[in-house]
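What the coordinates show
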Amino acid sequence: MSPPPPSLGRGRKRTAQTFDEALDDAELVGVRTALAQGRWQSVRSLLVHTGDDWDRRGHRVAVLAKEPHCAPWAREWLLAEPGSADASVLLALALVHRALRDKEKPAGAREACRAAAALVPDDPTPWLGLLVLERSLGTDEDVVQVFDEVRVRYADHHHAHHLMVARLAERGGGPDPLHEVYDFANWAAEQAPADSPLAILPVVAHAERYRVLATAGHESTDPRASGHWAGRRARLVMKAAFDWWLEWEQDGHPRRLIDLNFLAHAKSCEGRGAEAAALFHRIGEHATPAPWSYPDRDPSSAFRAARAGALGTA
């Protein structure tokens, strides 16, 4: 039986349009719409075209997997093409997101990810799905083991490194300038190729650690009022990341706008308005919820206020 079509009366809220996880991937936006209508053949074509561009493949599968009817349509695809590796990977990540919404048992999602991984041994995407799950539900050992499986297949996997930073930032208690998340982010940035966007990872680590500290009451919940971006180490991290962006900006990377949002947020908090303005021009309307929501702010309002302040339109 085919899955039910989406309700014709359901529309995306304005904030959902602002925070579109597809970012500026127009092909992905079109295919996502087709999938919502049950046209999984468009997904098949997109993933074949994506090939082994692992960051792009991971980004596209992860976005499609969050669609409400993705799991039943992926099953429909498998009925039509038994043994399809792409359909199996898409279904596995869809089940991960269902498990995170308490609509699927985590054990079933884990099994689906490992089954998909067996079909495509070189593809890090099934392991990315498992890392998304374990980042929220797994033990530290589980997270590290799955992250290693991703890195064996693609050492510079962007999404996987962001997930690891977010998880590591939550370990430990109060403020610690030598926290392990900083070491991890610096290590990842240093071991990556010179043009790798993992150069921005130390900024991401700084923001994720702020989220944890502010939530626990160790920092002001107003990031600009906190001292988190004022220390010497923080300033050096922000400068290195901004300098990297000026030299190596990755126009073609599928998740570059996530990095630009983290960097614009950091520069805004640091009070570097001109540098933040340059980043906001690049971001355009492609804001991301993180880190503007940190620790408990309305991300849309926070983004607009920071942008207006940097561009002088407040």
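Structure: above.
Within any chain, residue numbers begin from 1 and follow the written order of that chain's sequence. Reporting of local features is limited, given that this is a predicted model, to residues whose pLDDT is at least 70; pairs of side-chain atoms are given and counted only at 80 or more, and all residues count toward the totals for whole chains, interfaces and linings. No hydrogens and no water enter the side-chain calculation; it runs on all heavy atoms of the structure.

**Comments concerning empty space enclosed by the protein**
Under the convention used in this document: In this analysis the probe radius is 1.4 Å and the grid spacing 1 Å, with only protein atoms considered; a cavity is a set of points the probe fits into but cannot get out of, a pocket is an open set with protein on both sides within 12 Å along at least five of seven lines, and lining residues have an atom within 4 Å of a point. Grid points are joined across faces, edges and corners, and a volume is the space filled by probe spheres set on the points. In this text, helices come from DSSP runs of H or I with a minimum length of four residues, and strands from runs of E with a minimum of two, each type numbered from the N-terminal end.
According to the stated counting rule, one finds three cavities of 30 Å³ or more in the structure shown. One number sums up the size of the largest cavity: a volume of about 100 Å³. What lines the largest cavity is simply Pro197, Ile200, Trp244, Trp245, Glu249, Gln250, Arg256, Asp259, Leu260 and Leu263. Among the secondary structure elements, those contributing two or more residues to the lining of the largest cavity are α13 (232–248) and α14 (256–270). A total of four residues in the lining of the largest cavity trace back to one element, the largest contributor, which is α14. The computed volume of the second largest cavity comes to approximately 40 Å³. Counting residues per element, the ones that place at least two in the lining of the second largest cavity are α5 (70–80) and α6 (85–100). No other element matches the three residues that α6 contributes to the lining of the second largest cavity.

**Describing the nonpolar core**
The nonpolar side chains of a soluble globular protein tend to be buried with one another. Test applied: For our purposes a nonpolar core is just a set of buried Ala, Val, Leu, Ile, Met, Phe, Trp, Tyr and Cys residues, chained together by side-chain atoms within 4.5 Å. Burial classes: relative accessible area under 20% of the type maximum marks a residue as buried, over 50% as exposed, and values in between as partly exposed (1.4 Å probe, protein chains only). Any two residues having at least one pair of non-hydrogen atoms within 4.5 Å are treated as being in contact.
Of all hydrophobic cores here, the largest spans 96 residues; its most connected members are Val43, Leu64, Leu90, Val203, Leu263 and Phe280. Looking at this core element by element, the count peaks at 10 residues for α6. Once you skip the residues sitting within four places of it in the chain, Val203 turns out to touch Val237, Met238, Ala241, Phe262, Leu263 and Ala266.

**A closer look at α6**
Heads up, the condition is: Expected span of a helix, by definition, is 1.5 Å for each gap between consecutive residues, and there is one gap fewer than residues. Polar contacts, as used here, are pairs of N or O atoms within 3.5 Å; protein pairs need one atom able to donate a hydrogen and one able to accept it. Residues neighboring in sequence count only if both atoms are side-chain atoms.
For α6, built from 16 residues, the straight-helix expectation of 22 Å at 1.5 Å per residue is met to within 8% by its first-to-last C-alpha distance of 23 Å. The N-terminus of α6 is capped by Ser84, whose side-chain oxygen sits 3.2 Å from the backbone nitrogen of Ala87. One or two residues past the end of α6 sits Asp102, with phi positive at roughly 60°.

**A short note on the packing of aromatic side chains**
Spelled out, the test is: For this analysis, a ring pair means two rings from Phe, Tyr or Trp (six-membered ring only for Trp) whose centres lie within 6.5 Å, classed as stacked if their planes differ by under 30 degrees, edge-to-face if by over 60, and tilted for the remaining angles.
Inspection of the entire model under this criterion finds eight aromatic pairs. For the ring pair Phe242 and Trp245, a centre distance of 5.5 Å and an interplane angle of 45° mean the geometry is tilted. Here the residue Phe242 and the residue Trp245 both occupy positions in helix α13, the gap between them amounting to three residues, near one helical turn. Look at Trp245 and you get buried, because its relative accessible area is 7%. Aromatic ring contacts, followed pair by pair, group Phe147, Phe184 and Trp187 into a single cluster.

**Some words on the side chain of Ser88**
Inspection of the secondary structure puts Ser88 in helix α6. Polar side-chain contacts of Ser88 include one of 2.9 Å to the backbone oxygen of Ser84.

**Notes on the layout of surface pockets**
Convention followed: Basically, the charged four are Asp, Glu, Lys and Arg, the nonpolar ten are Ala, Val, Leu, Ile, Met, Phe, Trp, Tyr, Cys and Pro, and anything else, Gly included, counts as polar.
For the largest pocket, the calculated volume is near 760 Å³. Taken together, 28 residues form the lining of the largest pocket, with Glu21, Lys66, His159, Leu163 and Arg255 sitting closest to its centre. Mapped by element, the contributors of at least two residues to the lining of the largest pocket are α4 (54–65), α6, α8 (125–137), α10 (158–169), α12 (201–215), α14 and α16 (289–292). Residues that form the lining of the largest pocket fall into these classes: 14 nonpolar, seven polar and seven charged.

**Some thoughts on the pattern of salt bridges**
In plain terms, the rule: Salt bridge, as used here, is a side-chain nitrogen of Lys or Arg placed within 4 Å of a carboxyl oxygen of Asp or Glu.
Scanning the entire structure with this criterion turns up 24 salt bridges. One salt bridge in this structure joins Asp24 and Arg256, with 2.4 Å as the shortest N-O distance. Of this pair, Asp24 sits in the loop between α1 (14–18) and α2 (26–36) while Arg256 sits in helix α14, and the two are 232 residues apart along the sequence. For Asp24, a relative accessible area of 32% translates into the label partly exposed. The partner of Arg272 in a salt bridge is Glu275, with the nearest N and O atoms 3.2 Å apart. Judged by its relative accessible area of 42%, Arg272 falls in the partly exposed class. Relative accessible area serves as the criterion here: at 17%, Glu275 is assigned to the buried category.

**Digging into α12**
Compared with the 21 Å implied by 1.5 Å per residue over 15 residues, the 21 Å span of α12 between its first and last C-alpha is a close match. The buried count for α12 comes to 14 of 15 residues, which makes it a mostly enclosed element. Positive phi appears at Gly217, one or two residues downstream of α12, with a value of about 90°.

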